[in-house]
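Observations on the three-dimensional arrangement
Chain by chain, the residues:
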Amino acid sequence: MSGLHDVLRRHVDEGSAPGVVGLVARGDRVEVAAVGHADADGGSPMVRDSIFRVASITKPIIAAAVMMLVEDGRIALDDPVGHWLPELAAPSVVRTPKSTVDDVVPAVRPITVRDLLTFRAGYGFPSDFSLPAVGLLFSELKQGPPQPQHVAAPDEWMAALSRIPLLYQPGDAWLYNTCSDIQGVLIARVSGRPLPEFLAERLFEPLGMVDTGFEVPAAKLGRFTGYYRTDPAGGLELVDAPDGQWSRPPLFPSGAGGLVSTADDWYSFARMLLAEGSAGGRSLLSPASVRQMTADHLTASQRDASVLFLEGQGWGFGGSVDIEEIDPWNTPGRYGWVGGTGTAAHVIPSTGQVTVLLSQREAAGPTPPALMRDFWRYAAG
C-alpha cells in the first residue's frame, strides 16, 4: 500500500467519511488512492473515477471561464456588469452592515467584472451570518449548501437578487460565495449560451474533463457517490443519493458550487493552470490571465476582516492564494479552494504540485477536518 493510501485508510476506518479519493501530483509523478465505499452501506467500492459533488471547488473553473470571455474581448475586467446584468445596474447598499434591509443608500459606483472575480461586489457571506441583508441570501436565493433542484432559474434568481441590498459598497469588502453564482449568469448572458454548454465547449472538452458537469447521466450513476452529513448522534445522515438532485439538469447551474467531477478531471484543469493556460498544444488562457487568477487581490484590511474564511490567505479569481505559511494547509503561493461536501483542490505554481481530495461527507466550517489536514501534511512530504 502507498503512503497516501495509508493516510486515507486510517480516516475512513475512523468514520471520517465512507470513502475518499486522493490525488497528489509532483511533476510527472502522480499518486492516486481510492479508499472505502461510495455509500455508507458499503455496497459500492470507491474507485479512482468515482464522481463527487465538488461544491466550492467549482469556483476556480467558473473564474477561468470568465477570463476566457475577457480574452475573447467580449468583456473587460473594469467594465460595469450592468450592461449584461441590468438587475445590478443601480444597486442599493445597507447604510451599515447591521442595518435593516430598508435602510439603504445608493451604490457610489457600479459593480465591475473585477469586483465579481475578487468577491468584492458587495454580495456574499461575511463572518456574521445573522445580519439582515445576509439572511435574504438564504431565504430568497437559497444560498448555502448546494441544492440544485431548489433554486430558481437564472432570470428569476437575478430578479430576486436585485431586491436584496448590498452589504458593502462595491470594492470595499471581501464576501464569500454569491459572486461566483453571479459570474455563472454573466457567462451565460455574455456568451449567449447556457452556462453548461459554454463550459463543456471551452473547458471540459478541450481538457478531457469527461465526468464534469452539473448533472450525472443515468449511465454514470453507478460511479456517483452518496452525500452525507453528521446526524445528531454523530453518525452519518444521507443528504442526497446518487439518483437524487444531481441526476437531472438544474434550473440554475450554480457557479458557486454546482459541479460534479472526479479527481482526474480536476487534475486536468490544474495542469492547464500550471502550464500557464495551455493544454494539448492549445492555449485556453493566456499566461497573464492565469497569473491574475492565482495572485492575491485583497488589501490587508480585507484579508483581516475575512478571517473566518481566509486564515493566512488572500483571494485570487475563484480561489484563495496562501500568503502565510501555516502548517499544514498554507504554503505561500498555493492557489485553490475547499468545498463544503468534503472536497479540496490546490496547485502550487512554484513547485508544480497538485493536490485533489474528494470525499462525500459535509465538511463546512472554518477549520479543515482532520482528514484534510493529514492529506495536506502527506502532500507536503
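Here the structure is shown first, and the text comes after it.
Residues numbered from 1 in each chain as written. Predicted model: local features only at pLDDT ≥ 70, side-chain atom pairs only at ≥ 80, totals over all residues. Heavy atoms only, no water.

Here's the deal with the overall build of the chain
Within the chain one finds 11 helices and 15 strands. Projected onto the principal axes, the alpha-carbon positions of the chain cover approximately 60 × 50 × 40 Å. Counting the 381 residues in the chain, one finds 53% classified as buried. Taking the contacts inside the chain whose residues are at least 6 apart along the sequence as the reference set, 66% of them involve residues at least 24 apart. For the chain, the accessible surface area stands at approximately 14,700 Å², while carbon and sulfur atoms represent 52% of it. Separation between the mean location of the 30 positive side-chain charges and that of the 43 negative ones in the chain comes to 2 Å. (Helix = DSSP H or I, 4+ residues; strand = E, 2+ residues; numbered from the N terminus. Buried < 20%, exposed > 50% of the residue type's maximum accessible area, 1.4 Å probe, protein only. Contact = heavy atoms within 4.5 Å. Areas by Shrake-Rupley, 256 points an atom, 1.4 Å probe, with all protein chains shown as cover. Lys, Arg positive; Asp, Glu negative; His and termini not counted. Charge placed at Lys NZ, Arg CZ, Asp CG, Glu CD.)

Description of the layout of surface pockets
Computed from the structure, the largest pocket encloses a volume of approximately 970 Å³. Every residue lining the largest pocket is counted, 49 residues in all, and those nearest its centre are Ser-56, Tyr-176, Phe-309, Gly-340 and Ala-364. Taken together, the residues of the lining of the largest pocket sort by class into 28 nonpolar, 15 polar and six charged. (1 Å grid on protein atoms, 1.4 Å probe; cavity = no way out; pocket = protein on both sides within 12 Å on 5 of 7 lines; lining within 4 Å. Points joined across faces, edges and corners; volume = space filled by probe spheres on them. Nonpolar A, V, L, I, M, F, W, Y, C, P; charged D, E, K, R; others polar.)

Points about the packing of aromatic side chains
Tallied over the full model, the rule gives 15 aromatic pairs. Plain terms: the ring middles of Phe-125 and Phe-138 are 5.0 Å apart, the flat faces sit at 0 degrees to each other, and that makes the pair stacked. Taken as a pair, Phe-125 in the loop between helix H3 (113-117) and helix H4 (132-139) and Phe-138 in helix H4 lie far apart in primary sequence, 13 residues in all. Classification of Phe-138 by relative accessible area gives partly exposed; the value is 28%. Of the aromatic side chains, those joined through ring pairs into one cluster are Phe-119, Phe-125, Phe-129, Phe-138, Trp-174, Tyr-176, Phe-309, Trp-315 and Trp-337. The ring of Trp-376 is capped by Arg-334, whose NZ or CZ atom sits 4.9 Å from the centre of that ring. (Phe/Tyr/Trp six-rings, centres within 6.5 Å; stacked < 30°, edge-to-face > 60°. Lys NZ or Arg CZ within 6 Å of the ring centre and 35° of its normal.)

Here's the deal with helix H7 (residues 195-207)
Note: α-helices contain 3.6 residues per turn, so residues at a spacing of three or four share the same orientation. In a regular helix each residue adds 1.5 Å, so 13 residues correspond to 18 Å; H7 covers 17 Å between its end C-alpha atoms and thus fits that length. Along H7, the sharpest kink reaches roughly 40 degrees, centred on Glu-201. Turning to H7, its buried residues number three or more, namely Leu-195, Phe-198, Leu-199, Arg-202, Leu-203, Phe-204 and Leu-207. Following H7 by one or two positions, Gly-208 has its phi on the positive side, about 70 degrees. (Expected span 1.5 Å × (residues − 1). Bend = angle between axes of the 7 residues up to and from the residue.)

Quick word on the packing of helix H2 (residues 59-71) against helix H6 (residues 178-191)
Where H2 meets H6, the axes come as close as 10 Å, and the angle between the chain directions of the two elements is 35 degrees. By crossing handedness, the relation of H2 to H6 is classed as left-handed. Contacts between H2 and H6 involve Lys-59, Ile-62, Ala-63, Ala-65, Val-66 and Leu-69 from the former and Ser-180, Gln-183, Gly-184, Ile-187, Val-190 and Ser-191 from the latter. Each residue belonging to the contact of H2 with H6 can be placed in one class, and the counts come to seven nonpolar, four polar and one charged. (Axes fitted to C-alpha atoms, helices over the stretch in contact; angles between N-to-C directions. Left-handed = near helix turned anticlockwise from the far one by under 90°.)

Regarding empty space enclosed by the protein
Under the definition given, this model contains one cavity of 30 Å³ or more. The volume enclosed by the largest cavity comes to roughly 40 Å³. Looking at the largest cavity, the residues that line it are Gly-122, Tyr-123, Gly-124, Ala-133, Val-134, Leu-137, Ile-164, Pro-165 and Leu-167.

Observations regarding the sheet that holds strand S15 (residues 353-359)
Pairing is antiparallel across the open sheet formed by seven strands, whose spatial order is S2-S1-S15-S14-S13-S12-S11. Unpaired on one side and paired on the other, strand S2 (29-36) and strand S11 (313-315) mark the two borders of the sheet. On average, each strand axis in the sheet is tilted by 20 degrees relative to the strand beside it, whichever way the strands run. Two elements, strand S1 (residues 19-26) and S2, share eight bridges in a ladder whose sense is antiparallel. Note on S2: the bridge partner recorded for Gly-19 is Gly-36. (Pairing = 2+ DSSP bridges.)

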